[in-house]
Amino acid sequence: MKNQEIARIFNELAEYLEMEGVAFKPYAYQKAALTLENLKDDVAAIYQQGGLKALKKIPGVGESMALKIEEYLKTGKIQYYEEFKQRLPIELNEIMAVEGLGPKKAKILYEHLGIRTLADLEAAAQAHQIAPLFGFGAKTEANILEAIEFVKRSKGRFLLGEILPLAEAVRDRLSRLPEVEQINIAGSVRRMKETIGDVDLLAISRAPDPVMDFFVSLPEVVRVWGQGHTKSSVRTKPGFDMDLRVIPAPSYGAALQYFTGSKEHNIALRKIAIDLGYKLSEYGLFKGSEIIAAVSEEAVYQALGLQWIPPELREDRGEIEAAAAGKLPKLIDYTDIRGDLHVHSNWNGGAHSIADIAAAARQLGYDYVGIADHTKFLRIERGLDEATLEKRNQEIDRLNQQLKDSGHDFTILKGCEANIMADGSIDITDESLAQQDFVIAGVHSQFKMTPEQMTERVITAMHNPHVDIIAHPTGRILKKRTEYEINLDQLIQAAQATGTVLEINAYPERLDLDDLNILKAKQAGVKLIINTDAHHIDQLRYMKYGIGQARRGWAEKPDIINAWPVAEMLKMLK
DNA sequence: GCTATGGATAGCCTAGCATCCCAATGCTA
């Protein structure tokens, strides 16, 4: 799909136009880029079927942009963009990632110092060449150096799984202070986004100063960026920043809404407010100076004619229209999951015995747990061969009998995470697969195939009558490895046709399928399962990250088979 | 440059903050 490439060019064009001081065009390009990024259909296909006219039907795309898309599809280039790039050959993605630098400053830096890359920028700042420039100063130069460090260390984003536990711990400690009346996590953490820039905490307090004192002196804090009565900002040990804002109770709802975002969602809300003759800000919904709603999020949404929208949906991907029509999905809840089918035991690479895993799963309130040990191809994880699998299954039978004898209504399910070989075959025999309650199959080798080969490979595996679930379907590792090239649309079609379930792997580095692909699968009627891929019983708690992504992908209880009673779930499997 | 309204033109999300320079700009959320 060329959608992302064109979106990237449009985003860069927006930045170039911003450099030139052009009004409104940057916004137009940004908007079109955002639409393209989230477009389900391939622009190339749209153009092929309906030509320029069809392109212009894409919201935010008019005559001029349609022509540019056509040009890109035909020649692989957009002349208008190439001219900018030649005149201002700046690595925009690198330079703009530095906090404090925007298009205007990037242009000045290039024209005066020839700065094109992050390395150029660092060298110039270290040589103190930046401070003397007009509009800059010693302070800006120092900030640039610090921001570069941050970009280099983390690319500026952290995994939800790295951040959420600490954010919740800090929230809980603050909530125990007598001065704190209420406290919430806002921002992208509240939206359960897969990666996070920083943490926003919002509190109500009549005595903010002791709260702020407590906050900046938390043991996790390594640096205080600023401390005031309404806002304090710190850097934590793991490297991300945390902001605490104290809001007056009457406008808390508006503030929580505002600071939860996303930016796109908020922009869309403000437009609705304007259409109704209102003005929406972090202080409330106003008509002139009269306050319409502010105390709760529900009140703000209601005054705009909308249902309250769950944070995970707030991305301006149609949730506002759905809320206006009273047709928001009834999202899968964090308490709906009945079991986890992807847990590794110490029969292969896992840390705990099957008995320990079962005990831990029971403690989480599950009805069942599925042991999905690796199969023999994965030597590094001590994958099991057919004979060892059989022995392991005997142990599971024995443990199930024990559970039954002691009156527990809990089942351990026999399974494996088998390997999909390059030709689409499975690395253990069909006889052995047939003995399992369920079979997860995944790609764990030879990631670099052409998209056609990889798609064919996985679809072949789906046609195996024993393969129930495809593990981590795109193979991505966040911040480390991009997904392998695979045609997910075809994969989803094949899953639908073969009755194969696709996994939402809740492991923080994976979160695979991601939110957008979850939505695609759901719309195609494909069933999904949320699994942790736990190798340690503590990792069973990763489930909530998977549920978060499922909610972001609009998934409801009927879409997620491990939210069903165990008998129904087993019936769904092949 | 796009959209909506009406057939050529108006309007595009908002507020606060840091920095640099002492009123304005750029950036961020």
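Residues numbered from 1 in each chain as written. Chains lettered and ligands numbered in written order. Predicted model: local features only at pLDDT ≥ 70, side-chain atom pairs only at ≥ 80, totals over all residues. Heavy atoms only, no water.

1. Digging into unusual backbone geometry
1) Next: Of note, the amide linkage connecting Gly261 to Ser262 takes the cis form, showing an omega dihedral of -5 degrees.
2) Next: Summarising the element assignment, Ser262 is placed in the loop between helix H13 (252-260) and helix H14 (263-275).
3) Next: Along the chain, Asp512 connects to Leu513 via a cis peptide bond; the corresponding omega equals 10 degrees.
4) Next: Position of Leu513 among the secondary structure elements: in the loop between strand E16 (501-505) and helix H22 (515-523).
5) Next: The phi angle at Asp316 is positive, at roughly 55 degrees, despite the residue not being glycine.
6) Next: Secondary-structure assignment places Asp316 in the loop between helix H15 (297-303) and helix H16 (319-324).
7) Next: When its relative accessible area of 32% is taken as the criterion, Asp316 is described as partly exposed.
8) Next: For His472, which is not a glycine, the phi torsion comes out positive at approximately 20 degrees. (Helix = DSSP H or I, 4+ residues; strand = E, 2+ residues; numbered from the N terminus. Buried < 20%, exposed > 50% of the residue type's maximum accessible area, 1.4 Å probe, protein only.)

2. Observations concerning the sheet that holds strand E8 (residues 279-281)
1) Next: Taken in spatial order, the three strands make up an open sheet running E8-E9-E10, and their pairing is antiparallel. Each end of this open sheet is capped by a strand with a single partner; those strands are E8 and strand E10 (290-293). On average, adjacent strands in this sheet sit at an angle of 35 degrees to one another, irrespective of strand direction. (Pairing = 2+ DSSP bridges. Axes fitted to C-alpha atoms, helices over the stretch in contact; angles between N-to-C directions.)

3. Regarding the protein's contact with DNA strand B
1) Next: In the neighbourhood of DNA strand B, 38 residues make up the surrounding shell, with Tyr27, Gly102, Gly137, Thr140 and Arg270 lying closest.
2) Next: The protein-proximal atoms of DNA strand B, defined as those within 4 Å of the protein, are 76% sugar or phosphate.
3) Next: Here Lys25 contributes a side-chain N or O atom positioned 3.0 Å from a phosphate oxygen of DNA strand B.
4) Next: Contacts to DNA strand B include Tyr27, whose side-chain N or O atom sits 2.3 Å from a phosphate oxygen. (Near = heavy atom within 4 Å. Polar contact = N/O pair within 3.5 Å; in protein donor to acceptor, adjacent residues only side chain to side chain.)

4. A look at the confidence of the model for chain A
1) Next: A residue-level look at chain A finds 99% of positions with pLDDT of 70 or above and a mean pLDDT of 91.
2) Next: The weakest mean pLDDT in chain A belongs to strand E5 (residues 221-227) at 83; the strongest belongs to strand E17 (residues 528-531) at 98. (pLDDT = per-residue confidence, 0-100.)

5. Focus on the packing of aromatic side chains
1) Next: One pass over the full model with this rule turns up nine aromatic pairs.
2) Next: With a centroid separation of 5.4 Å and 80 degrees between ring planes, the pair formed by Phe10 and Tyr29 is classed as edge-to-face. Of this pair, Phe10 sits in helix H1 (residues 3-19) while Tyr29 sits in helix H2 (residues 25-38), and the two are 19 residues apart along the sequence.
3) Next: Residue classification places Phe10 among the buried positions, given a relative accessible area of 0%.
4) Next: Relative to Tyr545, the ring of Tyr542 lies with its centre 5.9 Å away and its plane at 40 degrees, an arrangement referred to as tilted.
5) Next: Since its relative accessible area comes to 4%, Tyr545 is described here as buried.
6) Next: Taken together, the ring pairs connect Tyr16, Tyr80, Tyr81 and Phe84 into an aromatic cluster.
7) Next: The ring of Tyr80 carries Lys68 above its face, with NZ or CZ at 4.5 Å from the centroid. (Phe/Tyr/Trp six-rings, centres within 6.5 Å; stacked < 30°, edge-to-face > 60°. Lys NZ or Arg CZ within 6 Å of the ring centre and 35° of its normal.)

6. Notes on the sheet that holds strand E7 (residues 241-246)
1) Next: The five strands lie next to each other as E2-E4-E7-E6-E5, forming an open sheet whose pairing is mixed. Each having just a single partner strand, strand E2 (180-186) and E5 make up the two edges of the open sheet. Between one strand and the next, the sheet's axes are offset by a mean angle of 20 degrees, whatever the strand orientation.
2) Next: Examined bridge by bridge, E5 and strand E6 (residues 231-236) share five bridges and lie antiparallel to one another. Looking at E6, one finds that Arg223 is bridged to Arg235.
3) Next: Lying over the sheet, helix H12 (residues 208-216) contacts E2, strand E4 (198-205), E5, E6 and E7, oriented at roughly 170 degrees with respect to E7. (Contact = heavy atoms within 4.5 Å.)

7. Brief notes about the environment of Asp385
1) Next: Note on placement: Asp385 falls in the loop between strand E12 (368-374) and helix H18 (386-405).
2) Next: Put simply, Asp385 and Leu399 are 14 residues apart on the chain and 21 Å apart in space, counted from C-alpha to C-alpha.
3) Next: Engagement of the side chain of Asp385 in a polar contact is seen with the side chain of Thr388, the distance being 2.4 Å.

8. Quick notes on helix H17 (residues 354-363)
1) Next: Among the residues of H17, those classed as buried are Ile354, Ile357, Ala358, Ala360 and Ala361. Each buried residue of H17 sits inside an arc of 165 degrees when the element is viewed along its axis, so together they form one side.
2) Next: Elements that come into contact with the buried residues of H17 comprise strand E11 (339-343), E12, H18 and strand E13 (411-419). (Arc of directions from axis to C-beta.)

9. Here we look at the pairing of E6
1) Next: Burial analysis of E6 places five of its six residues in the buried class, the great majority of the element.
2) Next: Where E5 folds back onto E6 in an antiparallel hairpin, the turn is made up of three residues.
3) Next: Note that E6 and E7 share five bridges and pair antiparallel. For Ser232, the partnering residue across the bridge sits in E7 and is Leu244.
4) Next: Hairpin connection of E6 to E7: four residues between the antiparallel strands, including Gly239 at a positive phi of 110 degrees.

10. Digging into the domain arrangement of chain A
1) Next: Per the domain assignment, the segments of chain A are domain 1 (3-154), domain 2 (158-246), domain 3 (255-324) and domain 4 (339-572).
2) Next: Taking the mean C-alpha position of each, domain 2 and domain 3 sit 24 Å from one another.
3) Next: Taken together, the contacts link 10 residues of domain 2 with 12 residues of domain 3.
4) Next: When domain 2 packs against domain 3, close to 900 Å² is buried across both sides, 60% of that on carbon and sulfur atoms.
5) Next: Looking at the side of domain 2 facing domain 3, the largest losses of area belong to Arg190, Arg191 and Leu202, adding up to 67% of the total buried there.
6) Next: Along the contact surface separating domain 2 from domain 3 lie two salt bridges.
7) Next: Linking Glu315 and Arg191 is a salt bridge whose minimum nitrogen-to-oxygen distance equals 2.9 Å.
8) Next: Summed over the shared surface of domain 2 and domain 3, the result is five residue pairs in polar contact (both at pLDDT 80 or more).
9) Next: At the level of secondary structure, the elements contributing two or more residues to the side of domain 2 that touches domain 3 comprise E2, helix H11 (187-190) and E4.
10) Next: Residue composition of the side of domain 2 that touches domain 3, by class: three nonpolar, three polar and four charged. (Domains from an automatic or database assignment. Buried area = accessible area lost by both parts, 1.4 Å probe. Salt bridge = Lys/Arg side-chain N within 4 Å of Asp/Glu carboxyl O. Nonpolar A, V, L, I, M, F, W, Y, C, P; charged D, E, K, R; others polar.)

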